[in-house]
Each structure stands twice: as structure tokens, then as C-alpha cells.
Amino acid sequence: MKPADEMAQDMMTTLGLDESGVAMRKAFLEFTEEDVSRLERLHEALAGTEQDFARGFYNHLLRFDETRRFIPDEIVLDSLRTTQAQYFDTLTAGTYDADYVRHRLRVGLAHQRIGLETQWYLGAYAKYLADALPNLWQHLGSDPGRFLSTLQSLLKIVLFDMGLAMDTYVHADRQAILSLREYSELVFSAIPDGLAVLTADFTIISINRAFAQRFELNELDAHSRPLAALIRAEGLDCHLREVRETGIVKRDLFFEMARAPDGPLIPVRVTLTGIRLAEEEEEEEARLLLIVEDVTEQAHLQNALRESEATLLRAQEMARIGSWRFSVLTDTLTWSPEVYRIFGIDRKTAISHEVFLACIHPDDREMIDAAWQAALAGAPYHLQYRIVVGGITRWVEEHVQMEFDSEHRPVRAVGTIQDITDRKDAESRIEYLAFYDPLTGLPNRALFMDRLRHELTSADRLGQRLALLFLDLNRFKVINDTLGHDAGDRVLIEVARRLRDALREEETLARLSGDEFVIIASDSGKAAVCIAERIAEVLTPPITVGNQGLSISASIGIAIFPEDGESVEALLKHADISMYRAKGGGGGYRFYRAEMGDELARRVAIAQRLEKALLAGQLQLHYQPQVNLSSGALIGAEALARWTDPEWGTVSPADFIPIAEEHGLIVPLGEWALETACRQVRKWEAGGHPIAGRVAVNVSARQFEDDDFVDTVIRIVREHRASPAWIELELTESAMMHDPDRAVEITRALVTAGFTLSIDDFGTGYSSLAYLKHFPVSKLKIDVSFVRDMLSDRDDRSIIGTIIAMGRSMELETLAEGVEHAEQASTLLAMGCYSAQGFYFGKAEPADRFEENWLAGR
């Protein structure tokens, strides 16, 4: 609500009480400056009597309930007396300008707001005059002429005030009426049904927005137009006359109504009623109200309902849902055709409750009978149960709605039955997939964790021990990368079969993920050793994939409850740690020991320090010479990463390279190595000591898998102003055989850019010769694992001979790694291998020492 001063000002504007408007009122009352002068003299005469006057005035008001209710306590009374004294004082003060008018209007608004009715308000003025006259006579009675003229002046200003007071009440009532009218018009317009108010001769007085929109009319243009000129509806005029003459309301009259003359017909429901605005002038004030409801949607729904009833049986058949009705009073059961089909019963068969129960699976009959009895008492009925059809068990789902009379006695029941056999099969399959590995058929992680939790609870309650074995296949990633995931999947399926055959019924086997399996054995550590040995035995025979026989072994970690952990998480974590220790030791099995956790913490610490070392430039490249076995001349070098930690000292590449691969640091490490090698070769060139041959830089499988790998290596070489001809990129078999077609494309792009390529650790993976001949490589590097024992191991020597022969047939150079003795070098040369590297020729050295020993003066 607006403040009183703002409302008073708005009222002055509305009533035209500006300077000229106030002057006109004063003129009408013949209120002149002489009147002002008389009132000012009266004001001086009455000075000091205001408080007594106000006190007597309020004593009078307190005598009447209607006025006393506005004076709740003495505090309010004192405040009102003060305000009233000020009011009486200003009445004769002689200043009657705009502020005076605004103040009087604000006073009137205050009385109107609190609900003081006009008769009490005006009576107060009468009380004022009645009390004022004796005082006036006392001061002026000796001069009748002066008394009379002063009285007239006082009456004029009191009547001026009374006029302003009445203005506030009249204005408030008008505003209320206007708001009510606006509200009624808003409601009338917002009603969703079409409304039209008509005269007795069916002329339109008004229509609402819905009526106008429905028949595309303008609300203002429709006023005073005959209804028939705008709307056509056959028979409507007859009903209008009947309502006009009888006054009886007519409801639910259905017509097809349209805009005249030829608008589209729409189905409507009509209500007609008479309304009267004034009983005194019935003939002139009689009105008719036409209410039009668009029932197009209902008509469509009715048509749809008829169509749905016609297709219900077909729909039931398609959805395999049947319906039935049962009368409790007559004990009769009625089935739809689809129910007969679901139950496999001829439609000519007489149906009864007994016939129905005979179809139910024996194990479900008691449940159905109990549910039916509960439904008769008012309980919900929704069941899934089995039926037997032609000797085959099927699943159905049934919903029943029971109807009761006023005394809650069952009267009839209606229900639906749906064949859900396919859904049940799907649910079983979903449940299987949720808890079993779809590839091997073994329990998955979710089911394993649940079973392990259950086994731990049972073992704790019974005071028993429990063994958990964590198994990981050795070099399985190599199989996946070189032979593809299909081959890997076939290996996993066969491994799972062998593991299952090796275990006893009470031992739980599960596949966690990838090539990780777990076994729960409710026994001691000795039993775990037996299981590990059985696993090693069953995995010994090679697994045939295609035309290759693959040797598979496993690393197994063992943790014992409760010694190694009392929770699922702790036991699994410790078995995992011990498995990694077994894998680091070359396979077999390992029992968990507390210090293994320290080893895991060290690996995490190495990863963290390695990441910081890369950023801080704490790594170095050392260079190992590659020589010609015939002449001993330098033909190149391999760049090898070395790390000296400020606190730990030298950290072996055998420690930090695998950890870099595990923690996602191998890509930045590889890019750093290539950048450093390019920078160093450029430095040697600029210093007049160019290296003979090329510097070989290792490329990890993760780098090779990067879609931007080719662009990255080219960018690095260009940024350091090096030539690709100075760099040899060493690739692994596994990296290229992961996606051979992509590898062919990448290697060709690298060779086109000017790089030389070699295959590192050749012979340790599962290369496909059919693909190998398509790779534009120049060199095969014979892995140190074959060179180490070549003088004493006939198999290793035979493998080396095969690699050399293969390289010769494909016009590829071969280079042996890890040569430590002169006899190894001479034997390799005799076998046709002309290049080598190893401690026999020189260890990897920092760049400056390598330059001094191999480049300076040569």
C-alpha cells in the first residue's frame, strides 16, 4: 500500500484540487480573505484552549462503542488528544493552502483506512461546532454582528474540511468499485470456456477472450451485434427463447457451432442460463448467459475409445496380455481369448477357479491362494508365478482390482495376465551379466567382493583362517598387443577353463579384470601353496591360438586372513602387492609380508620424484657406443636415460622406466629424451665432432599409440634444428603389432620424413612375418636375453641365427645388444651379425665423456 502522503497527493490530482480547484471550492462557499481574517482573530482568542477542547472531545467519543474501539489504551488516547488539538489549532490558523488540503485529505484517509464510518466522522464535526459555539459567544457575544460573521466564517471552513473528508471516502469507494470491476473483467476474460452475455433479443452485450478466439471474433466489434449474425448453430435460437421465457437453466446441449456464415464447424457443449441485474426493472435488465465448451478433444477421445475397444483383443494378443472378470456373487469366471492362449486351453473349455489352479505350477499354488484370500479382504494383488503349458514351464504376471460394495464385501474382480517368460529370461541374463564375466563365465568383481565379504564374516565367526590368491598372467599384454584382442580373449577363456578344472568345489574362482584372477580358499597357507602349484601345473602346456602355441605362466600373490588383513579391502590390497612382488621376481608365487607395503610406497614415491625430476631437469642422457664388429669402428650410439636424485642418488632405469609406464610419465619422458638427443647431436655437429652414424632413441608403445606421434617427433627435430637423418627411432614389436595396419602407415610416414627405424628387443614378442615385411625398418636389434647365454645355450644361439638369417633375407641389418665378451663378439661376426653394443665395447656415458672417448680426434 502507498504511503499516506503519496495517496493524498494522488487524490488531489484525481479530484483536481490544484490551486484553481481549491479556489473554486472556496468561491462556492463564499470563503474570502475577510473570512480568513476573522478566523485568525478567533484563533488568537481561543489560543491555549486546544488541549481542554481536545480532552472534552475525546471524553465524548469514549462514551460510544463505535468510536471507543479505535482507542485501545491511554497511550493511544494521549497521542490522539495531542493530534486533535493540533487539528483544531490549524482549523482557525488562517493558512488554507495546498499543504492544508493535503493534510486534511491524509486525515480523512487515515479514518477511512481504520474503518470509521461516515456518520461518526461527520458527527465529530457536529460535536466540534457544538462545543465551539459557547466559547465563540463568550468572546464575541457582546457584538452580535461580529459574532454572526465569525460564526459564518467558522461554518465555511468546517464545511470545507467536511467536503475534503467526504472526498476521501467517496474516492476510496470508487477505487474499490473500479478494482472490483477490473477483477471481474479479468476473471470473465480468463475463463477457458467461451462466454457471451446477451440481451433478451439475443444481441451480444459482451464476450470473453476464449469465445472471441474460438470463433475468430473481435471482442469490441462483437458488441451490439445480433448473435445469429456472428454465430451459426442449428436449433440454438429455440433453446435461447425457451430459457428466456421459462428462466430454467439448460445444460449439456450439444451443437456443431461455427463462425457465420461459413466457418468450420466444431463440436461444443452449451449451457444457457438467465441473469438479472436489477429486480426492479425485470424486462429491461433481463440477460442471457451463453457458455460454450469446446469438446473437440473429447469427441476425438470418444472416437479413439471406440477404436481402441475394437482393437483391444488384437492388442492383447500382440502384447501377450489377457484380461478376465470374476463375479463373487455368481462365482463365474470369464477369460479373454488371449488368456486361453497363454494357458494353452481350448476356448470351448468351461472355465472355473479349479481349472485355473490346475494350470499353476504346484509350488506356486499355495502362494496364489493366500494372495487371493488377502485380496478378498482388501489387500493389493500383484503376483508373478509359473504355469505349466504342454509340459513347459512359463512365467506370467497378474494384476487384480477388487470391487467392494458399501459394506466392503467383495462383489467382483477384474484382472490382467501377461506372459513374461521372455522378460524373466532377460532378467536372468541381466542378473548373470551383473555378477558373471561374459567372456569366461566366472564370477566378476561384484560377485567376488560379495562372496569374499561373506567368507570373511564366516571365518571370523568360526575363528578360521582364509587364503586369498591374486593371479596375474605374465606377458599377457604382449599377446594382446602383437596378436590382437581376439587371440587374447581365447587365451583368457582357456586359462579360466584350466583354473576351474584345477580347483576344488569349495574354492571360489573369479575374474577381476583383464588378465587378473582371484581365488578364495577357506584354509591355511599350506593349502594356498598347493593351489598355486596346481595352477602352475595346469598352465604349463602351451595354449594354441591359430597356428601358434603360446606359453603362459602366472604370478600369484597370497594373503592370509586374519594375519594379513581383516577387511576385504586390506586383504585384496595385500594379495595384489604380493602378486607384484612375484611378478618382479620372474613369476611363481609370493606370500604377503609387511615390508612389501614399503616397496609399494617406494614405487609411488619414485613416480612422484620422477615427475618432479622431469620438470626440474634432473635427468640426463648417457650414450652407449654401437660398433662395427669387423673393424671396431663407431657406427652410432644409443641414448639411454639416467637419473640421479638429490637425496637418493642414482636411481636405476630398471626401477624408474617401468614406473614411468605405470603412472603415465613415459610419454613426457620419451619426448624429453628425443629433445635432449637432438640438442646434443646438434651441439656435436656445431663443435666439429659429428657422430658417425645415428643416435638411437627408444620409443615407448604409449608414444607410438598417440595419434599425433609423427607430428610430435617432426616438430621436436625441427625446433632443435636437427636433421631426421641423425636420429634412429627404436620401436618395439608389441607396439607395432597392436594395430599392424596403422603401424605400417606411421612407420612409412617417419621414413618419408627422413628417420631411420629399428625394431628393439626383436624375438621377445609375437611378430607376424607377413606384416614385418611391410614395415620400412632398417635394423633388427637382437635382445640381450638371447645374447647373454648364447655360448652355452644352444636354443639361444639357434634363435640368434634365425634372426640373422631373417634379417639377411629381408635385407635388414642386425645389431646384437648386451655383448660383454670377445668370444660373443667373434661368434656373432662369424654368424653374420656385423654390429653390436655392450659393456665389451663401452658403457653408456655422459655426453661430454662420450665425446671425449669416441668423437674427439676421430
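Residues numbered from 1 in each chain as written. Predicted model: local features only at pLDDT ≥ 70, side-chain atom pairs only at ≥ 80, totals over all residues. Heavy atoms only, no water.

Asker: Any chance you could break down the overall build of the protein for me, citing the residues and the numbers?
Answerer: In terms of helices and strands, the protein carries 36 helices and 28 strands. A principal-axis box enclosing the C-alpha atoms of the protein has dimensions of 155 × 95 × 70 Å. Relative to its 858 residues, the protein shows a buried fraction of 43%. Counted over contacts in the protein with a minimum sequence separation of 6, partners at least 24 positions apart contribute 61%. (Helix = DSSP H or I, 4+ residues; strand = E, 2+ residues; numbered from the N terminus. Buried < 20%, exposed > 50% of the residue type's maximum accessible area, 1.4 Å probe, protein only. Contact = heavy atoms within 4.5 Å.)

Asker: Outline the pattern of salt bridges, supporting the account with residue identities and numerical values.
Answerer: Under the counting rule described, the total for this entry stands at 34 salt bridges. The closest approach of N and O atoms between R534 and E507, which form a salt bridge, is 3.1 Å. Residue R534 is located in helix 23 (residues 525-539), and its partner E507 is located in the loop between helix 22 (485-502) and strand 13 (508-513); the two are separated by 27 residues in the primary sequence. You can call R534 buried: its relative accessible area is 19%. (Salt bridge = Lys/Arg side-chain N within 4 Å of Asp/Glu carboxyl O.)

Asker: I'd like a description of the sheet that holds strand 14 (residues 516-521), backed by residues and values.
Answerer: The strand order 13-14-12-17-18 describes an open sheet built from 5 strands, whose pairing is mixed. Only two strands of the sheet have a single partner each, and these edge strands are strand 13 and strand 18 (588-591). The sheet shows a mean angle of 20° between the axes of neighbouring strands, taken without regard to direction. Judged from the 6 bridges that link them, strand 12 (residues 466-473) and strand 14 form a sheet pairing that is antiparallel. (Pairing = 2+ DSSP bridges. Axes fitted to C-alpha atoms, helices over the stretch in contact; angles between N-to-C directions.)

Asker: Any details on the sheet that holds strand 8 (residues 332-335)? Residues and values, ideally.
Answerer: Taken together, 5 strands build an open sheet; the order of strands is 8-7-11-10-9 and the sheet is antiparallel. Each end of this open sheet is capped by a strand with a single partner; those strands are strand 8 and strand 9 (381-389). Each neighbouring strand pair of the sheet contributes to a mean axis angle of 25°, computed without reference to strand direction. As judged from the 4 bridges shared by strand 7 (residues 321-327) and strand 8, these two strands associate in the antiparallel manner. Residue S327 lies in a different strand from strand 8, and its bridge partner there is T332. Docked against the sheet, helix 18 (residues 365-376) engages strand 7, strand 9, strand 10 (392-404) and strand 11 (410-419), running at close to 145° with respect to strand 9.

Asker: Got a sec to walk through unusual backbone geometry? Specific residues and values, please.
Answerer: Cis geometry marks the peptide bond from A260 to P261, where omega comes out at 5°. Considering the arrangement of structural elements, one finds P261 in the loop between strand 4 (250-259) and strand 5 (266-276). Along the chain, F561 connects to P562 via a cis peptide bond; the corresponding omega equals 5°. One can find P562 in the loop between strand 17 (554-561) and helix 24 (568-584).

Asker: Go over the nonpolar core, please, and point to the residues and values.
Answerer: One finds Y623, V695, F704, L750 and F850 to be the most contacted residues of the largest nonpolar core, which totals 81 residues. By residue number, the principal contributor to this core is helix 27 (residues 666-686), which donates 10 residues. With residues up to four places along the chain from it excluded, the contact list for F850 reads Y623, Q624, P625, L634, A637, W684, I691, E845 and L855. Membership of the second largest hydrophobic core comes to 45 residues, among which are L61, F70, Y100 and Y128. (Core = buried A, V, L, I, M, F, W, Y, C linked by side-chain atoms within 4.5 Å.)

Asker: Run through the environment of Y96, naming residues and quoting values.
Answerer: Inspection of the secondary structure assignment puts Y96 in the loop between helix 6 (74-91) and helix 7 (98-114). Here Y96 falls in the buried class, since its relative accessible area comes to 5%. Along the backbone, Y96 and A673 are 577 residues apart, and their C-alpha atoms lie at a distance of 100 Å. Among residues more than four places away in sequence, those in contact with Y96 are K26, F31, V36, L39, T90, L91 and I157. Engagement of the side chain of Y96 in a polar contact is seen with the backbone oxygen of L91, the distance being 2.8 Å. (Polar contact = N/O pair within 3.5 Å; in protein donor to acceptor, adjacent residues only side chain to side chain.)

Asker: Pulling in residues and values, what's your account of the side chain of D437?
Answerer: Along the chain, D437 falls in the loop between helix 19 (421-435) and helix 20 (445-462). The exposure class of D437 is buried, given its relative accessible area of 10%. The contact partners of D437, leaving out residues within four places of it in the chain, are Y432, L442, P443, N444 and R511.

Asker: So what's going on with the confidence of the model for the protein? Which residues, and what values?
Answerer: Across the protein, the average pLDDT comes to 85, with 93% of residues at or above 70. Scored below 50 in pLDDT, residues 278-283 makes 2 contacts in the model with residues more than four places away or belonging to other chains. (pLDDT = per-residue confidence, 0-100.)

Asker: Break down the side chain of N480 for me, citing the residues and quoting the values.
Answerer: Mapped onto the elements, N480 comes out in helix 21 (residues 476-483). Residues in contact with N480, not counting those within four places in the same chain, are H485, G488 and H738.

Asker: Go over helix 8 (residues 118-140), please, and point to the residues and values.
Answerer: When the terminal C-alpha atoms of helix 8 are compared, their 32 Å separation across 23 residues agrees well with the 33 Å that a helix rising 1.5 Å per residue should span. Buried within helix 8 are the following residues: Y121, A124, Y125, K127, Y128, L129, A132, L136 and L140. (Expected span 1.5 Å × (residues − 1).)

Asker: Tell me about the pairing of strand 26 (residues 813-816), and name the residues and values.
Answerer: Regular strands place side chains that alternate from one sheet face to the opposite one. Bridge analysis of strand 25 (residues 779-782) against strand 26 gives 4 bridges, and the strand direction is parallel. When the sheet's bridge partners are listed, L780 is paired in strand 26 with T814. In terms of strand pairing, strand 26 meets strand 27 (residues 835-836) through 2 bridges, oriented parallel. Bridge pairing links A816 to A836 in strand 27.

Asker: So, the packing of aromatic side chains: which residues are in play, and what are the values?
Answerer: Here a ring pair, both rings aromatic, is described through the centre-centre distance and the interplanar angle of the planes. Taken as a whole and assessed by the stated rule, the structure comprises 18 aromatic pairs. Here the aromatic rings of F31 and Y96 are separated by 5.5 Å at their centres, their planes lie at 85°, and the arrangement is edge-to-face. Pair noted here: F31 is in the loop between helix 2 (19-28) and helix 3 (33-45) and Y96 is in the loop between helix 6 and helix 7, with a separation of 65 residues, a long-range link. Seen in terms of ring centroids, Y589 and F591 are 6.3 Å apart; in terms of plane orientation they differ by 85°. Their pairing is edge-to-face. (Phe/Tyr/Trp six-rings, centres within 6.5 Å; stacked < 30°, edge-to-face > 60°.)

Asker: So, the packing of helix 27 against helix 29 (residues 709-719): which residues are in play, and what are the values?
Answerer: Two elements in contact, helix 27 and helix 29, have axes separated by 9 Å at closest approach and are oriented at 30°. With respect to their mutual orientation, helix 27 and helix 29 come out roughly parallel. Between helix 27 and helix 29 lies a crossing of right-handed hand. Here helix 27 contributes E671, L674, E675 and C678 to the contact with helix 29, which in turn contributes T712, V713, I716 and V717. (Parallel < 35°, antiparallel > 145°, perpendicular 65-115°, else oblique. Left-handed = near helix turned anticlockwise from the far one by under 90°.)

Asker: Describe the pairing of strand 25, listing the residues and the values that go with them.
Answerer: By the alternation rule, side chains of strand 25 split into K779 and K781 and L780 and I782, which are all buried. Both strand 24 (residues 756-762) and strand 25 contribute to a ladder of 3 bridges, which runs parallel. Opposite I759, over in strand 25, you have L780 as the bridge partner.

Asker: Before we move on, can you summarise helix 22 with the specific residues and values?
Answerer: The end-to-end C-alpha distance of helix 22, which contains 18 residues, comes to 25 Å, matching closely the 26 Å that a straight helix rising 1.5 Å per residue would cover. Among the residues of helix 22, A487, G488, V491, L492, E494, V495, A496, R498, L499 and A502 are the ones counted as buried.

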